[in-house]
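Architecture and fold: a report
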Amino acid sequence: MARLYESRKRILVTGGAGFLGSHLIDRLIDQGHEVLCVDNLFTGTKRNIDHLHTHPRFEFMRHDVTFPLYVEVDEIYNLACPASPVHYQHDPVQTTKTSVLGAINMLGLAKRLKAKIMQASTSEVYGDPSIHPQAESYWGNVNPIGPRSCYDEGKRCAETLFFDYQRQHGVEIKVVRIFNTYGPRMHHADGRVVSNFIVQALKGEPITIYGDGRQTRSFCFVDDLIEGFLRLMETGPEVTGPVNIGNPNEFTIRDLAEQTLAKVGGSSALINEPLPKDDPKQRQPDITQAKAVLGWQPTVELSEGLDRTIGYFRDALPRLEG
Ligand code: NAD
Ligand code: UDP
Ligand code: UDP
């Protein structure tokens, strides 16, 4: 899209080579903005942004957000952080540093530049929730010392920092609590349930249901989520969030396994494996606020989203594993 130079923004996306970041960048470039993608490529890959390398409004910088960053931008989306349990538990100390030091550095940058900044927070701030569905007013039920804590508490502390930078320094903040999101460019081997089940079904391997499969999740297709990000960023300074973005349609993990297998076809068996420690039993967003404040709600049903994600993996898997 052509955009007048005066209305063109220079936008920083940290974690831009990851799953969500790369989709966000595609939308921002389509809208005519300039994008600086900052990523240390821990879980992201250049493959996700390969198609942008020759684009005149796109720039990539390999950098770890736990270190200061001095650049000039108008807006910041802070997505840098490993997101799947397998990856964030691989180096838990680095995970906490990424959330906490990364937030401090990006907020320091936003403060100096008087730039709007959005934090990619997570439904994990609700922990293993004792109320259902989860509204933003719920404070959560998080284990501070378990294997998921580096991620959950890191993200909670990042939210604290965002609100204190707003109160103390007047930084214009937006906090989005993302519920399980899936789609093309998910990492094929990071252990998240949608990618795991699709890859297992495509390879004819057993589909691994952890526990009895009765735990629930609510799955949002990536395009819907990115639309929510953009709408939140467009709001005035009075809208800070935190705001839940996710799809309220809740499924058991066994449902997801059965639907995935039916769509992919093949002869994979459904097998049960031990449930990881502190695995939340249920999760469903209350999106009343997103509807009221952003006029946002998801539009892609799980069945359609799964078809699109399966299509991506059918095509990409040989390259990803090759
Ligand atoms: P992802 O792993 O694909 O992307 C994260 C990106 O951050 C990767 O490209 C990785 O290399 C980069 N990164 C990690 N540590 C970094 C560091 N120290 N410095 C610079 N870059 C670093 O995961 P995603 O699903 O795209 O998640 C993006 C954001 O959204 C994360 O902050 C995650 O916590 C949040 N989120 C995602 C989901 C989801 O369902 N996908 C749910 C809740 C929250
Ligand atoms: N920072 C940064 N880029 C900037 C400005 C600040 O990376 O353009 C980092 C800097 O390293 C600092 C952190 O952000 O440690 C927090 O900045 P702030 O100004 O809030 O704190 P101070 O510099 O007073 O510690
Ligand atoms: N899960 C599963 N099999 C897998 C991967 C995950 O049964 O191969 C389960 C996992 O135990 C959890 C749910 O699926 O109950 C979602 O897991 P994911 O890691 O995708 O996200 P999160 O637990 O962070 O919501």
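Residues numbered from 1 in each chain as written. Chains lettered and ligands numbered in written order. Predicted model: local features only at pLDDT ≥ 70, side-chain atom pairs only at ≥ 80, totals over all residues. Heavy atoms only, no water.

**Quick look at the pattern of salt bridges**
Opposite charge on two side chains permits them to pair, given that their charged atoms come into close proximity. Defined as follows: Just to be clear on terms, a salt bridge is a Lys or Arg side-chain nitrogen sitting within 4 Å of an Asp or Glu carboxyl oxygen. The secondary structure listing takes helices from DSSP runs of H or I that are at least 4 residues long and strands from runs of E that are at least 2 residues long, numbered from the N terminus. When a residue's accessible area, from a 1.4 Å probe over protein chains only, is under 20% of the maximum for its type it is buried; when over 50% it is exposed; and in between it is partly exposed.
Taken as a whole and judged by the stated rule, the model has 26 salt bridges. Its salt-bridge partner being Lys263, residue Asp307 comes within 3.0 Å of it at the nearest N-O pair. A residue pair is termed long-range when its members are at least 10 positions apart, and Asp307 in helix α9 (residues 302–321) and Lys263 in helix α7 (residues 253–264) qualify at 44 residues. By relative accessible area, which is 43% here, Asp307 ends up partly exposed. Here Lys263 falls in the partly exposed class, since its relative accessible area comes to 29%. Between Asp278 and Lys277 there is a salt bridge whose closest N-O contact spans 3.4 Å. Asp278 gets classed as partly exposed once you look at its relative accessible area, which sits at 30%. On the basis of relative accessible area, Lys277 is assigned to the exposed category, the value being 54%. Taken together, the salt bridges that share partners define one network made up of Glu124, Arg148, Arg217, Asp279 and Arg283.

**Topic: the site of ligand 1**
For clarity, the threshold we go by: The nearness test applies per residue and asks whether one of its heavy atoms lies within 4 Å of the molecule or strand. For the purposes of these results, a polar contact is taken to be a pair of N or O atoms within 3.5 Å, where, inside protein, one atom must be able to donate a hydrogen and its partner to accept one; residues adjacent in sequence count only when each atom of the pair is a side-chain atom. What sets the accessible areas is the Shrake-Rupley method with a 1.4 Å probe; for residues, cover comes only from the shown protein chains.
Lining the immediate environment of ligand 1, one finds 30 residues, of which Leu20, Asp39, Thr43, Tyr151 and Lys155 sit closest. Contact distances for ligand 1 include 2.9 Å between an oxygen atom and a backbone N or O atom of Phe42. Residue Cys81 places a main-chain N or O atom 3.3 Å away from an oxygen atom belonging to ligand 1. Isolated, ligand 1 exposes 830 Å² of accessible area, and the fraction of that covered by the protein chains is 97%. Broken down by secondary-structure element, the contributors of at least two residues to the shell around ligand 1 are α1 (19–30), α3 (92–113), β5 (116–122) and α4 (149–169).

**Structural notes on the nonpolar core**
Filter applied, for reference: Grouping buried Ala, Val, Leu, Ile, Met, Phe, Trp, Tyr and Cys residues that are joined through side-chain atoms within 4.5 Å yields what is termed a nonpolar core. Residue contacts are counted whenever heavy atoms from the two residues lie within 4.5 Å of one another.
Residues Leu24, Tyr77 and Phe229 are the most contacted members of the largest nonpolar core, which totals 62 residues. A total of eight residues in this core trace back to one element, the largest contributor, which is α9. Look past the residues within four positions of Leu24 in its chain and what remains in contact with it is Val13, Tyr77, Leu79, Ile226, Phe229 and Leu230. Judged by nonpolar contacts, the second largest core, of 26 residues, contains Leu12, Met106, Leu107 and Ala110.

**Describing the site of ligand 2**
To be explicit about the condition: Each residue is assigned to one of three groups, with Ala, Val, Leu, Ile, Met, Phe, Trp, Tyr, Cys and Pro labelled nonpolar, Asp, Glu, Lys and Arg labelled charged, and all others, Gly among them, labelled polar.
If you check the shell around ligand 2, you find Pro68, Leu69, Tyr70, Ile104, Asn105, Gly108, Leu109, Lys111, Arg112 and Tyr165 and nothing else. Contacts to ligand 2 include Lys111, whose side-chain N or O atom sits 2.9 Å from an oxygen atom. Protein chains shield 65% of the accessible area of ligand 2, which is 510 Å² for the free molecule. Per-element accounting of the shell around ligand 2 gives the leading share, six residues, to α3. Partitioning the shell around ligand 2 into residue classes produces six nonpolar, two polar and two charged.

The values reported here are purely geometric and, on their own, carry no functional implication.
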